[in-house]
Amino acid sequence: MASPATLSVGSLVWVEDEDDAWIDGEVLEVNGEHVKVLSTSAKTVVVNASNTYPKDPEAPQCGVDDMTKLAYLHEPGVLQNLRSRYDINEIYTYTGNILIAVNPFRKLPHLYDSHMMEQYKGAALGELSPHPFAIADAAYRLMMNEGISQSILVSGESGAGKTESTKLLMRYLAYMGGRAVAEGRTVEQQVLESNPVLEAFGNAKTVRNNNSSRFGKFVEIQFDHNGRISGAAIRTYLLERSRVCQVSDPERNYHCFYMLCAAPSEVVLKYKLGNPRMFHYLNQSNCFELEGMDDGKEYHATRRAMDVVGISSEEQDAIFRVVAAVLHLGNVEFSKGKEIDSSQPKDEKSWFHLNTAAELFMSDPKALEDSLCKREIVTRDETITKSLDPESAALSRDALAKIVYSRLFDWIVDKINNSIGQDPDSKSIVGVLDIYGFESFKTNSFEQFCINLTNEKLQQHFNQHVFKMEQEEYEKEQINWSYIEFIDNQDILDLIEKKPGGIIALLDEACMFPRSTHETFAQKLYQTFKNHKRFSKPKLSRTDFTISHYAGDVTYQTELFLDKNKDYVVAEHQALLSASKCPFVSNLFPGSDSSKSSKFSSIGSRFKLQLQSLLETLNVTEPHYIRCVKPNNLLKPAMFESKNVLQQLRCGGVMEAIRISCAGYPTRKQFYEFLDRFQILAPEALEGSTDEITASERLLAKLGLQGYQIGRTKVFLRAGQMAELDARRTEVLGRSASIIQRNVRVFLARKDFVLLRQSAVQIQAVCRGHLARDVYEGMQLESSSLWIQRGIRMYLARKSYEHLQSSAISLQAGMRGMAARSDLHFRRARRAAIIIQSHCRTYLARRRYLRLMKAAILVQCAWRGRVARRELRKLKMAARETGALQAAKNKLEKQVEDLTLRLQLEKRSRADMEEAKAQENAKLQVALRDMELQFKETKALLIREREATKRAVKQVPVVQQVQVVDTSMVDKLTNENEKLKAMVSSLEQKIGETEKKFEETSKLSETRLKLALDAETKMIELKTTMQKLEEKISDIESENQVLRQQSLLSSPAKSMSELSSIPATPILPNGNHVKADYRVDEQGSAATMKKLDLESDSKSARSSIERQRASQTLENLESLINCVTKNIGFSQGKPMAAFTIYKCLLHWKSFEAERTSVFDRLIQMIGSAIENQDDNDLMAYWLSNTSALLFLLQRSLKASGPTSATPQRKPPPATSLFGRMTMGFRSSPSPNLGATTTLDAVRQVEARYPALLFKQQLTAYVEKIYGIIRDNLKRELSPFISLCIQAPRTSKGVMQRSGRSFGKDATLNHWQSIIESLTSLLKTLKENFVPPILCQKIFTQVFSFFNVQLFNSLLLRRECCTFSNGEYIKAGLAELELWCGQAKEEYAGSSWDELKHIRQTVGFLVIHQKYRISYDEIANDLCPILSVQQLYRICTNYWDDSYNTRSVSPDVLSSMRILMTEENNNPVSNSYLLDDNSSIPFSVDDISDTMDVKDFLDVEPAEELLENPSFQFLNE
């Protein structure tokens, strides 16, 4: 509480409020003990100073993740911190090592995925954001490191999220202790799947929760010495049996009933079920369905979970048969029987349900009826049967239903435990307790009494643990402390469970007396505990009683206490069900001789023993606590009811833990935080201080505080001392503000004076300037008039001159234009004449050339055909008598003959066509000549007649002009004229048609000529194929000749004639086996028989040669391996070992071998060479060699075809014209071919399977070595990255006064270590000439690893998400950018771009005035790569430790929450953490594209091998 001495006007305080529990405000007036406060809701209140709490003005807007970090640890501070974090979806908060979980009532899948579990794995408690995974990991680590069993207690009221928190804990423990699958199911799977089974039969909808656990559960997970789950056990407590028969509106019965009614139709028909509304045990409430829950799907999910936990299908059917029987049993109603006080089923419907229940129980319907309607009283002499009235029969029915369901639930728990199995050798366990929280309703019955007893027990355990934690904290900090008193609730526990006078003992005693009622029980309680301070009697009730629990007073109604406490089974029910024909049902009720004695058993006593056993288990374990809180009673998200939450915190013991903490030293500040906050109170006390501890001691001594403690890392203050220091600080800040205001006012006044003086000077200057300007304007006007006169005179003179000049120019231009146009006309005419002449001459020359070309082509075709036939005859005569090639040659000859025949036919048809065309042309020409002659004769006749007419006219004298008309003559001449014109036109038409026919004939000739040329080309190709076949024959003959000579050398006794025909399989110098097929000539059968006869004689010779060559090959291979295993260095920037291996394989023709062991030995050699994976220098050397060798193989090897590749010989010189042309084309120089021939070391060969397999294995080794180097670098840098995420803490006051310098060099040591590691690896890679593409990929993936680690740490650790830390990381990133620039793009590649997430995040952290930035600016400009979840996490985690500036505005956070809600259903966007990509980011083609074969031209082989005579080929 605040005291008047610490309160002043302007202080911020918390005051109580009826609606919101606590509200904050500002002190307006202080009058002694009374304080006037203006709240933030604009309400003014007057309160007592002792009822107020100080408010921390510097508390982070988004709260703190551990409430022990609060400056003021009190109720309103805790409540406000939870509210602030809940508003930003931070639902978990620590109080020391106690986790408080506020139910969000929405799905947050990104918080619980496997990647999040990986982040919390091995992290210290408090290092990352609060989370159930952190509690589970802390428990697991303590168990493994110290060998102490652990327990995690999850508590809270119904609807607070206990069950979900328990599932998360079990998921994480299963994740940490998972093992291989055994018998199809693992223990952790069975433990996890036991949850839905138990929820189906033990959970129900209540007023406060849709999935409320109506039983307590303690899951004991057993671990072996390796930390693997070896067994598990589930213990349950106090199942609410009365819910089976009695359900209040709007609650529901247990889920399994509704699941069974929604099962598939065949199941419903099998058990004769239907709609839940038709069953009495279900229709007492109007709630039958739950929003977001499909009972049909849940039925199938429950069956699958039963399969996993080991319940067989027969047992599952039996379970649901019993559940259906309970439903039918509830529909049996009773009416009065024929006898007095007797009963019987009411109607046909009741009889139907009775028979159905008996059928499902597999018992006699009559026996079932008797067990419900009658009772047997056993006396000493006889057994008396007593009938029950309808009301008693109904109670008997409900009792049977409750005991059956209770036994069924216990059987399921036992079955799960037996199926999972327990490990007797396990010495370490982690227990998870999911227990009901404190309950206080309007009507509180026996269940609430037991539940609250449990919470009283656990609260006592909790208080002891909190006190123990306080003690450990004080001892850890090595401070003096005294015993702290805390409220012990042992008196309440004695009131309830003490023997013989406790409430439970009195209840058991009342239950054993048949005539006892709840009234007599209540009176007994009143008499026994009338003087007990925790027990009281309500004024308006005769049977209720009130107990003052730690969380408040609870009034209990005793009406049903006696009935609910009885636990015995009715003898008739026991006999009925133990005699059932169903083994499952009979096992639920095992029969015994003493069963009819109905021995009394108390639920309260049994429950007390269970609690005692549970507490004994918890006392031998190290406890961890999770307190679940329900933020509102409407079960809706984004609603925080302060009064409700505060009550739950009190019930959960959180406030009691805070009170215990306040009794000692509630305020604990790190030294740097304490100095940063209070150094202004006594700055002179810090002068000359060399460390923070001394500075803190001197500061506190200067301030005169008493009772504080100085620990090893913190300052411990008593309650109220923080408020006193803050009051002094506020006073100092107020005085400082006054001084600042005074100086600011002086500055503003002086600024105004200076401004006035400057204004006066400026006005004077303006006036003087105005007068001067007037004088100047007069002088300027006089001067301007003179300039104007001179300009006008000049203008008039210039205008006259320009007019005269333009006239002269116009005349000259006209004359010159006429002359130019005349000359241009002459030139155009001349050019047109020349063009006409050139076109005419061109046409005549082209026509003559085309005729000559056609004639030449015909002559060439004839001559080439003749030459081809001559060559063919020569080939036929020169053909070898080889049987294997004779058929191919005959086929080719047939093809040549066919083509020749087709060519001759084509030539004949062409000659016939030419002849026909020539005849046609001759006929047309004769007709044309006749027509021309006729035309000439007619024209000559016409000319003669015209001349005769002229002569006649001249001879007639012109004496008298007489008109003579000879019409007949004129008509005749006119007709002849018309005939001549028609004849001319017809001749012209015929000439045109003739020309068209000639053109068509020419085109047809050209087409046939083209076909003839194609035929000749095909003939040339066939000849080329024949030449290749002849080359193969010559190769085989040469190899045979070599083998014959070798055979002669090895066997001198054999004659040359005998060994000349021995076929031998060629063996290459490296011992590889080459397959060769030899075909026997059909005409040489005698020679073949001779070879077969001599074959057996030469076997020994061949085997000895093969053995010698194999041994020589092995020796050469071992020499090669011994040489390249050493670091033989590099030549011309390329690895000598890789080049030497390639040259040897190429020379030995290993690539073409069908079977060889060379490649296996090389792979073994590489594998043994890289065994020392920690040596990066060795790894880089072999990465360079393997990548270079892989490149050479990639460029050389090509997949072989159906036949083995043989070296091509130079074809024999061609004798034909086309042959010589083809050889000329082949031998034409080509740049690519030239490069290939110059590089003898790298050439393409057709590879066999062993070579291709070797290439694949070599690729795998390149990827493996690459991954080793990359992972070595990551492992080396990981410790530095964890240190680089947070800037070193230094006190500003100490730094300023101690003279120490924490500059850039001091704070970037860890970043410099990273730079040194990167530089060292880059130097190693360069020295070993690793291809730059691999260097780029290594550093790119390492920088991506930086990005993932740094970014995830910022999201998970709030203390890292600060302004100063952003500046620190930004400086480190600048060092990385500088390194990338120095390494150059050749080696660094796109490494810098991989840091985009952390770069944008750091850019956001160091920007000022974040509250002015809109969401669009953040998402589009500042951080476009980040998702909404990531942005929201950063904005809510951010706090400014340097300038105390605000984060983004609430509107921006609200926009982000809306977008996150919309994207919740998108599984891709759920997780806001990044994943590290460890794949191989390159292919063989990538390596091949970055290297060139020319680089290997000047590479020298290993000198050590050059001295060996067997490796002289390396010099070639």
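Just so it is clear, the structure is predicted and the values come from calculations on it, not from any experiment.

Rules of the game
Residues numbered from 1 in each chain as written. Predicted model: local features only at pLDDT ≥ 70, side-chain atom pairs only at ≥ 80, totals over all residues. Heavy atoms only, no water. Helix = DSSP H or I, 4+ residues; strand = E, 2+ residues; numbered from the N terminus. Buried < 20%, exposed > 50% of the residue type's maximum accessible area, 1.4 Å probe, protein only. Contact = heavy atoms within 4.5 Å. Areas by Shrake-Rupley, 256 points an atom, 1.4 Å probe, with all protein chains shown as cover. 1 Å grid on protein atoms, 1.4 Å probe; cavity = no way out; pocket = protein on both sides within 12 Å on 5 of 7 lines; lining within 4 Å. Points joined across faces, edges and corners; volume = space filled by probe spheres on them. Nonpolar A, V, L, I, M, F, W, Y, C, P; charged D, E, K, R; others polar. Patch = residues over 30% accessible without salt bridge, like charges linked within 9 Å, V, L, I, M, F, W, Y side chains within 5 Å. Salt bridge = Lys/Arg side-chain N within 4 Å of Asp/Glu carboxyl O. Lys, Arg positive; Asp, Glu negative; His and termini not counted. Charge placed at Lys NZ, Arg CZ, Asp CG, Glu CD. Pairing = 2+ DSSP bridges. Phe/Tyr/Trp six-rings, centres within 6.5 Å; stacked < 30°, edge-to-face > 60°. Lys NZ or Arg CZ within 6 Å of the ring centre and 35° of its normal. Polar contact = N/O pair within 3.5 Å; in protein donor to acceptor, adjacent residues only side chain to side chain.

Turning our attention to the overall build of the protein chain. Looking only at helices and strands, the protein chain features 47 helices and 28 strands. Out of the 1516 residues in the protein chain, the part that is buried amounts to 45%. In the protein chain, once contacts between residues fewer than 6 apart in sequence are set aside, the share between residues at least 24 apart is 73%. By element, 53% of the accessible surface of the protein chain is carried by carbon and sulfur atoms, the whole surface being about 80,300 Å².

Turning our attention to empty space enclosed by the protein. Going through the model one piece at a time under the given rule, you end up with eight cavities of 30 Å³ or more. Taken as a whole, the largest cavity holds about 100 Å³ of empty space. Taken together, Ile88, Asn89, Glu90, Leu108, His110, Leu111, Gln1429, Tyr1432, Arg1433, Thr1436, Met1460 and Tyr1472 form the lining of the largest cavity. Considering every element that reaches the lining of the largest cavity, the biggest residue donor is helix α44 (residues 1428–1437), with four residues. Along the lines of polarity and charge, the residues of the lining of the largest cavity split into six nonpolar, four polar and two charged. Quantified by volume, the second largest cavity comes out at close to 70 Å³. Around the second largest cavity, the lining residues are Asn89, Glu90, Ile91, Tyr92, Leu111, Met116, Tyr120, Ser129, Pro130, His131, Arg1433 and Tyr1472. In terms of residue class, the lining of the second largest cavity is made up of seven nonpolar, three polar and two charged.

So, about a negative patch on the surface. A contiguous patch of negative charge on the surface is contributed by Asp1498, Glu1500, Glu1503 and Glu1507. Here Glu1500 lies in the loop between α46 (1484–1489) and α47 (1503–1506). Looking at Glu1500, the relative accessible area reads 48%, which means it is partly exposed.

Across a sheet, strands are paired by hydrogen bonds formed along the backbone, either parallel or antiparallel in direction. Strand order in the open sheet formed by three strands is β18-β19-β20, with antiparallel pairing between adjacent strands. Two strands close off the open sheet at either side, each with one partner strand: β18 (535–536) and β20 (552–557). As paired elements, β18 and strand β19 (residues 544–549) share two bridges and run antiparallel to each other. Within β19, the position partnered with Ser536 by the bridge is Thr546.

Under the definition given, this model contains 37 aromatic pairs. Look at Phe535 and Phe545: their rings are 5.6 Å apart centre to centre, the planes differ by 15°, and that puts the pair in the stacked class. Of the two residues, Phe535 is situated in strand β18 and Phe545 in strand β19; the sequence distance between them amounts to 10 residues. Phe545 carries the same exposure label as Phe535, and that label is buried. Among the aromatic residues, those joined into a cluster by ring pairs are Phe446, Phe449, Phe521, Phe529, Phe535, Phe545, Tyr556 and Phe561. Here the guanidinium or amino end of Lys55 rests over the ring plane of Trp14, the centre of that ring lying 5.5 Å away. Taking NZ or CZ as reference, Arg627 lies 4.4 Å from the ring centre of Phe462, over its face.

This part takes up the side chain of Asn203. Of note, Asn203 is situated in strand β9 (residues 203–204). Engagement of the side chain of Asn203 in a polar contact is seen with the side chain of Ser213, the distance being 3.4 Å. Ignoring sequence-local partners within four residues, the contact set of Asn203 consists of Thr163, Leu198, Asn211, Ser212, Ser213, Arg214, Phe215, Asn253, Tyr254 and His255.

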